Every structure is written in structure tokens, then in C-alpha cells.
Amino acid sequence: MDYRALQGYGSFFMSLFLVVMLYGYIVYLYRSEKKGERDFEKYGNIALDDEITSTPVEDKSASERLEEEDK
Amino acid sequence: MQSNAALEYDYTVAKLFTYTTILFGFVGMLIGTLIASQLAFPELNYLFGEYGTFSRLRPLHTNIVIFGFTISGVFATFYYFGQRVLKVSMAESKFVMFIGKLHFALYVLLAVGMVISLFLGMSSSKEYAQMEWPLDILTVVVWVLWGVAMFGLIGMRREKALYISLWYYIACFLGVAMLYLFNNMEIPTYFATEGLGSIMHSVSMYSGTNDALVQWWWGHNAVAFVFTVPIVGMIYYFLPKESGQAIYSYKLSLLSFWGLMFVYLWAGSHHLLWSTVPDWMQTMGSVFSIVLILPSWGSAINMLLTMKGEWNQLTDNPLIKFMVLASTFYMLSTLEGPIQAIKSVNAIAHFTDWIPGHVHDGVLGWVSFMIMAGLFHMAPRMFKREIYSKKLMEAQFWLQTTAVVLYFTSMWIAGITQGMMWRAVDEYGNLMYSFIDTVTVLHPYYAIRALAGVLFLTGFVMFAYNMIKTMISSRELTEEPQFKSPMA
Ligand code: HEM
């Protein structure tokens, strides 16, 4: 098999791999929401409520900040 | 860190890039209109000696609208909403502020260098990568500074999750960085010829088919990572914010993001169909281009559905009109592109005016509309004044929409006519037409496109006027509008 054919097969299997990953991601998104582990839709509010004084949708919590400042 | 009461977002750098967006938009479209007129009326080539010929001006047009207008727009919007979605102010870090200003200063230097050198005819002759190597190096510096500012802000953020628009801006940053570096690997001819060549003129490190492949890997992804990815990022922020409606489906936005990333990088070879690149690669380019419809329409439909139940806003608020039309044009051009990437269609479309027709329904209807809408939305918040005139905005909208339609319809007809005439043969298999026959037939369509240019440019001047008036003399606002931008 010459290297061009190898490139071709390489490209095909890589695409296949990425397709599987992408579909896996869809399943992950919907399943984790159904199980109540995550809520993705709330992130939409980041754009709507974006004053500097508004409460973050997910706070980069105070403890985390302190930790970073300690470093 | 306790945020003090007076803490505010700092729009200094966003404002600076807003000014350059307006300036380069005007200059780039002025040149666009001139070269469109030159194609219709060739005498216009001789207005300014060698500096005014089509061949000198075309790269100026493309480089100014891409790297001047669009990229300025990307930077302006980044320095605006980047702070907001991260809930952190540039004013909180002297370092980030300094980087932002340096970013702007070097960017202006780069832009001036680009315009002068292209006018002088210095070019490495690769499309969208014409700048010579010293400017390429400066480009890298400017780009890295943007990255430092972006990741600097991200590091300081209060909001833990990165809003989807930022994902797109990060992708723009990484995608352009990688492709720009690979495609601009070049050697000054002086070193390649033992002193015979020039220090200032360089040639690509790749040759032949490889060079073409790398070129269009970059070329197409300039479309992807400059004209698509950050613009999708813009609409994901500005449409929800202006309409007060959260994105219809955040999950769909994540999914379209990864879909776009997976697929876009492999579509570039559709620029090289029927050429010397391996067959499987051409087929891959075609197939990936068609698959690309899915993530593109995923985003566009998500945007249209965001307006669900709120379509009345379309009549009340011209800014919503701009954005809804932009996403509609995005759908149009992401359907048209894949059609052109089908090999048999490409055999007719390639090298014809259908290609610039396709380019401009995207860049005018989608990119320009979205950037202008973004800046309009930002203006009352940055300058604390209401938008100067709603009427003017409405008029601009209709004028420019007409212009876009005239541009792409004339080029569709011109392109398909051209493609059919080039391949028409008589009963003996001889070509029926010579090149000049097509030129004669196409003249009216070129004239229509030139008219479209004049209309679009006029609309842009109205936009610039409206913005400048907003900055200096519109009614002052006492508090920041939450959603709908106030306009007189
Ligand atoms: C007043 C508006 C504009 C007019 C009249 C105009 C006109 C033109 C003309 C005549 C060409 C050359 C076509 C050829 O060689 O046959 C061109 C190419 C191009 N323009 Fe524009 N333009 C305008 C605005 C823009 C804007 C705003 C953008 C991007 C944001 C843009 C991006 C491009 C690109 C990427 C090409 C190269 C297309 C290719 O190689 O196929 N143009 N334009």
C-alpha cells in the first residue's frame, strides 16, 4: 500500500472516530441533563444578566479565588 | 476580592477598535466599490497610475476588509462583551489594560504597514496572505497580545463557566494562529538565490500542489475562523442581549460549536477540485463541505428560534432586523457554499463570478450586518448616549439589503452564464465562444454589481454618521439600558 492510500485510510478512520466522539457528546449532553446532574440551559443567562454587579450564574467561588491568591 | 461599589466595565480598548472598524470598513468598501466599477468600466483603471489598477487594489480590498474591518470588529466586540460575560472589568488589572492598549497600538502599526506595502506592490502573492514576512511577524505579535489579553481576562473572571461566544472567540484565536503560521512559512528570495533576490520579497517554503493545499487549508479557514466563527460568537451574545431572550437551546449551541470545529478544517480542498491534488482529498473536501450545512444551520436555526414568540420585536427594533437578516444570510451562504463544492457544480462555478457572488452574500449580508449591529448595540453602553437616529438605521437597513440582493443575484446570473459559455461546444466539439464574448455579455451584470457597491457603501456611510453622532451629540443616558438599545 503506498502512502497516499494510507493517508486516505487514515483520514477515513479519523473522521469515523470524530463522528463517534461527537455523537457521544450529544448523548452526554442530554443524558446528564435528564439525570439532573447538569443544567446547560442556565448558561444562556450569562449573556442576559451581565452587569458587573450581577451574581454569576456559577460563581468562581470565593474559596477558589482565595486559593489562587494564596499561590 | 471585594468588588468596590464604583467598579465599572472599562471600554477604552473596545472604543479604540470601534473607531478602526468604522475607518477600515469605509476604506475597504470604497476600494471594493472602485474595483467593482473597474470591472464594468475598465477606463477607471487609469485614475492613479500603477497604484490604481485592479490588480493592485484587489488585494488591498480583501486585506482591508478582512484584517482591517472584520478583525477590528472582532477585537472591539471582544473587549466589550469579553468583560461582561466573564463579569470582570479591564480596570481591575493594570496588566491586562496595558496589554489591550499595546495590542491596539501594534495593530494600527500593522495596518498602516499593510496598506502602504500593498499599495507599493509588495506581496508574497498568496491570497489573504499577501503581507510580506516582516508584517507576518508583526501579525504574530499582535495576535499573541490578543491571546494574552483574552486569557488574562479569563484568568481573572468571576463567572466560572465560559459563555458560548467566548468559545467561538477562543477558536478564532487558536485556528487563525495555527493556520497563519503554517501558511506563511516563507523564505526571502535573497537567501534562496545566493544574493540575487530581495530581502523584502519572499517565496513560500512549499511548492506546487503542496503549496496550493496549505494555501487553501488556510484560505478556506480564513473564511471559517474570521468570517464565521467569531461572527457566530457575536450573534450568540448580541441577539439574546438585545432581545432579552436567552439562547433557544444552549446544548444545541455547544453541539454546533464542536460540529463546526470538526468539519470546517477539512473542507478547504473544495477550492482545489479538478486540480492536481489526490482524488480522495477532493472527495473529502466535497463531503465535508456538505456535512458543514448541519452545524451551520444548527447555529442559525438556534438564533431564529431564540426569537420565538418575540417576532414583534422585528418590527419595533431595527437592530433585531439586522441580526435576523444576518442569520438568514448565514443560512443562505452556508447552503450555497456546499452546493458549489459538489464536483459537478464546481466544474461550472469555479473561476466564475458566482464565487465572488457567494463570498459577498456572506460577507455583506452576514459579516458586515452582524458587526454593524454589534457596534450599534455597544454604542449606547460605551458612550452612555442613545443611538442618534432610528430612522437613519431603518433606511440604512433597506438600502444595504437591496445592495446585497443586487450584488449576489447579478453575480449568480453572470457566473452561471460565464460557466456555461466557457464549456459550450458546437456539434464538432469546438468551443463556441471566446473569452471576450463572455465579457461582452457580462457587462450589464458588472454594472449592477458596481451599483450595489455604491448602495452598500452609502449605507455604510450612514452607519458611520449615525455612530459618530451617537458618540458626540446624542441625548445622554442616565442609566445603562438592560436589553433593547435606546434610539431616537
Ligand atoms: C461595498 C461593498 C463591496 C464591494 C462593492 C465589493 C467588491 C468586490 C469585488 C469587485 C471583488 C473582486 C471580485 C473579482 O475578482 O472578480 C471583491 C472580492 C472580495 N471581497 Fe469584496 N466588496 C465589498 C465588500 C466586502 C466586504 C465587507 C468583505 C468582507 C468583510 C469583502 C470580502 C471580499 C473577499 C474575501 C473577496 C475575494 C473573493 C474571491 O477571491 O473569490 N468584500 N469584492
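Everything here concerns the structure above.
Residues numbered from 1 in each chain as written. Chains lettered and ligands numbered in written order. Predicted model: local features only at pLDDT ≥ 70, side-chain atom pairs only at ≥ 80, totals over all residues. Heavy atoms only, no water.

A.B. asks: I'm lost on the overall build of chain A in this one. Help?
C.D. replies: A count of helical and extended segments in chain A gives 3 helices and 0 strands. The order of α-helices and β-strands along chain A, N terminus first, is α-α-α. Here chain A has roughly 5100 Å² of accessible surface; of this, 61% comes from carbon and sulfur atoms. (Helix = DSSP H or I, 4+ residues; strand = E, 2+ residues; numbered from the N terminus. Areas by Shrake-Rupley, 256 points an atom, 1.4 Å probe, with all protein chains shown as cover.)

A.B. asks: Any chance you could explain the coordination of the iron atom of the ligand here in plain terms?
C.D. replies: Geometry sets the ideal angles at a metal, namely 109.5 degrees for four tetrahedral donors and 90 or 180 degrees for six octahedral donors. Residues and elements named next belong to chain B. Only H61 (NE2) and H360 (NE2) from the protein reach the iron atom of the ligand as donors, at distances of 2.0 Å. Here the iron atom of the ligand is ringed by 6 donor atoms whose angles at the metal span 88 to 179°, and the overall shape comes out octahedral. Linking H61 in helix α2 (residues 54-86) with H360 in helix α14 (residues 354-383), this pair joins segments that are 299 residues apart in sequence. Across the pair, H360 and H61 agree in class, each one buried. (Donors = N, O, S within 2.8 Å, 3.2 Å for Na, K, Ca; no water. Tetrahedral: all angles 85-135°; square planar, octahedral: opposite > 155°, others 65-115°. Buried < 20%, exposed > 50% of the residue type's maximum accessible area, 1.4 Å probe, protein only.)

A.B. asks: I keep staring at the packing of helix α10 (residues 293-306) of chain B against helix α12 (residues 318-341) of chain B and nothing clicks. Help me out?
C.D. replies: The relative placement of two packed helices is expressed as an angle between their axes plus a distance between the axes. Residue and element names in this part refer to chain B. Packing of α10 against α12 leaves a shortest axis separation of 9 Å and a crossing angle of 165°. What the angle tells us is that α10 and α12 run roughly antiparallel. Relative to α12, α10 is oriented so that their crossing is left-handed. Packed against α10, whose contacting residues are I293, S296, W297, S299, A300, I301, M303 and L304, the element α12 presents V324, S327, Y330, M331, T334, L335 and P338 at the interface. Residues belonging to the contact of α10 with α12 are distributed by class as follows: 11 nonpolar, 4 polar and no charged. (Axes fitted to C-alpha atoms, helices over the stretch in contact; angles between N-to-C directions. Parallel < 35°, antiparallel > 145°, perpendicular 65-115°, else oblique. Left-handed = near helix turned anticlockwise from the far one by under 90°. Contact = heavy atoms within 4.5 Å. Nonpolar A, V, L, I, M, F, W, Y, C, P; charged D, E, K, R; others polar.)

A.B. asks: What is the right way to look at the pattern of salt bridges in this model?
C.D. replies: If charged atoms from side chains of opposite charge come close, those side chains can pair. Per the counting criterion, the structure on display carries 17 salt bridges over all chains. E33 of chain A is the partner of K251 of chain B in a salt bridge, and the nearest nitrogen-oxygen pair spans 2.4 Å. Pair noted here: K251 of chain B is in helix α8 (residues 250-264) and E33 of chain A is in helix α1 (residues 3-34), and the two residues belong to different chains. The salt bridge partner of K343 of chain B is D279 of chain B, with a shortest N-O separation of 3.4 Å. Taken together, the residues K343 of chain B in helix α13 (residues 343-349) and D279 of chain B in helix α9 (residues 279-291) connect sequence positions 64 residues apart. Here the residues in one salt-bridge network are D50 and E51 of chain A together with R84, K241 and E480 of chain B, joined through shared partners. (Salt bridge = Lys/Arg side-chain N within 4 Å of Asp/Glu carboxyl O.)

A.B. asks: Would you take a moment to explain the packing of helix α1 (residues 12-40) of chain B against helix α3 (residues 94-119) of chain B for this structure?
C.D. replies: Residue and element names in this part refer to chain B. Where α1 contacts α3, the two axes come as close as 9 Å, and the packing angle between them is 15°. Between α1 and α3, the crossing angle belongs to the class labelled roughly parallel. Crossing geometry of α1 relative to α3 is assigned as left-handed. Facing α1, whose interface residues are T12, V13, L16, F17, T20 and F24, α3 presents M97, G100, K101, H103, F104, Y107, V108 and A111. Classifying every residue of the contact of α1 with α3 gives 9 nonpolar, 4 polar and 1 charged.

A.B. asks: Just to check I follow, could you spell out the site of the ligand for this structure?
C.D. replies: All names here are of chain B. Not every one of the 27 residues close to the ligand is listed here, only the nearest: R58, H61, E127, H360 and V363. Contact distances for the ligand include 3.4 Å between an oxygen atom and a side-chain N or O atom of Y128. Elements that contribute at least two residues to the shell around the ligand include exactly α1, α2, α14 and α16 (435-472). If you tally residues by element for the shell around the ligand, the top one is α14, at 7 residues. (Near = heavy atom within 4 Å. Polar contact = N/O pair within 3.5 Å; in protein donor to acceptor, adjacent residues only side chain to side chain.)

A.B. asks: Which parts of the structure should I look at to understand the nonpolar core?
C.D. replies: As a rule of thumb, soluble globular proteins bury nonpolar side chains together. Counting 157 residues, the largest nonpolar core has W146 and W366 of chain B as its most contacted members. With sequence-adjacent residues up to four places away left out, W366 of chain B is seen in contact with F227, T228, I231, V232, I235, A326, S327, F329, Y330 and D361 of chain B. (Core = buried A, V, L, I, M, F, W, Y, C linked by side-chain atoms within 4.5 Å.)

A.B. asks: Even after reading the chapter, I still don't get the packing of aromatic side chains, so can you show me in this structure?
C.D. replies: Residue and element names in this part refer to chain B. Per the counting criterion, the structure on display carries 52 aromatic pairs over all chains. Ring geometry for W167 and F257: centres 5.3 Å apart, planes at 85°, overall edge-to-face. Remark: F257 occurs in helix α8 and W167 occurs in helix α5 (residues 164-183); sequence separation between them is 90 residues. Their ring planes at 50° and their centres at 6.1 Å tell us that F369 and F397 sit as a pair that is tilted. Here the residue F369 occupies a position in helix α14, and F397 occupies one in helix α15 (residues 390-423), the gap between them amounting to 28 residues. Classification of F369 by relative accessible area gives buried; the value is 0%. (Phe/Tyr/Trp six-rings, centres within 6.5 Å; stacked < 30°, edge-to-face > 60°.)

A.B. asks: How do you make sense of α2 of chain B when you look at a structure like this?
C.D. replies: Structurally, the α-helix is built with 3.6 residues per turn, so residues lying three or four positions apart point the same way. Residues and elements named next belong to chain B. End to end, α2 covers 45 Å across 33 residues, agreeing with the expected 48 Å (1.5 Å per residue, within 8%). Most pronounced at I64, the bend in α2 amounts to some 30°. With respect to burial, α2 is a largely interior element, 30 of its 33 residues being buried. Looking one or two places after α2, you find K87, whose phi comes out positive at around 55°. (Expected span 1.5 Å × (residues − 1). Bend = angle between axes of the 7 residues up to and from the residue.)

A.B. asks: Help me understand the side chain of T21 of chain B, please; the structure alone is not making it clear to me.
C.D. replies: Residues and elements named next belong to chain B. Mapped onto the elements of the fold, T21 is located in helix α1. At 2.6 Å, the side chain of T21 forms a polar contact with the backbone oxygen of F17. Separated by 3.4 Å, the side chain of T21 and the backbone nitrogen of G73 make a polar contact.

A.B. asks: Any chance you could explain α16 of chain B here in plain terms?
C.D. replies: In a regular helix each residue adds 1.5 Å, so 38 residues correspond to 56 Å; α16 of chain B covers 53 Å between its end C-alpha atoms and thus fits that length. Largest kink in α16 of chain B: about 50°, centred on L442 of chain B, with the proline P444 of chain B one to four residues after it.

A.B. asks: Would you mind going over the interface of chain A and chain B with me for this structure?
C.D. replies: Many authors give the size of an interface as the accessible area that is lost as the parts come together. Contact residues are listed per partner, giving 36 residues for chain A and 41 residues for chain B. Summed over both sides, the interface between chain A and chain B buries roughly 3400 Å², with carbon and sulfur atoms accounting for 63% of that surface. Summed over the shared surface of chain A and chain B, the result is 5 salt bridges. Among the ionic pairs, E41 of chain A bridges to K251 of chain B, the shortest N-O distance being 3.0 Å. (Buried area = accessible area lost by both parts, 1.4 Å probe.)

A.B. asks: Can you help me understand unusual backbone geometry in this one?
C.D. replies: Leaving glycine aside, a negative phi is the common case for residues, and trans is the common case for peptide bonds. Residues and elements named next belong to chain B. Located in the positive-phi region is Y128, a residue other than glycine, with phi close to 60°. When you line up the elements, Y128 lands in the loop between α3 and α4 (133-156). With a phi close to 50°, E194 is a non-glycine residue in the positive phi region. Note that E194 resides in the loop between α6 (189-192) and β2 (202-204).

Nothing here speaks to function; it is geometry throughout.
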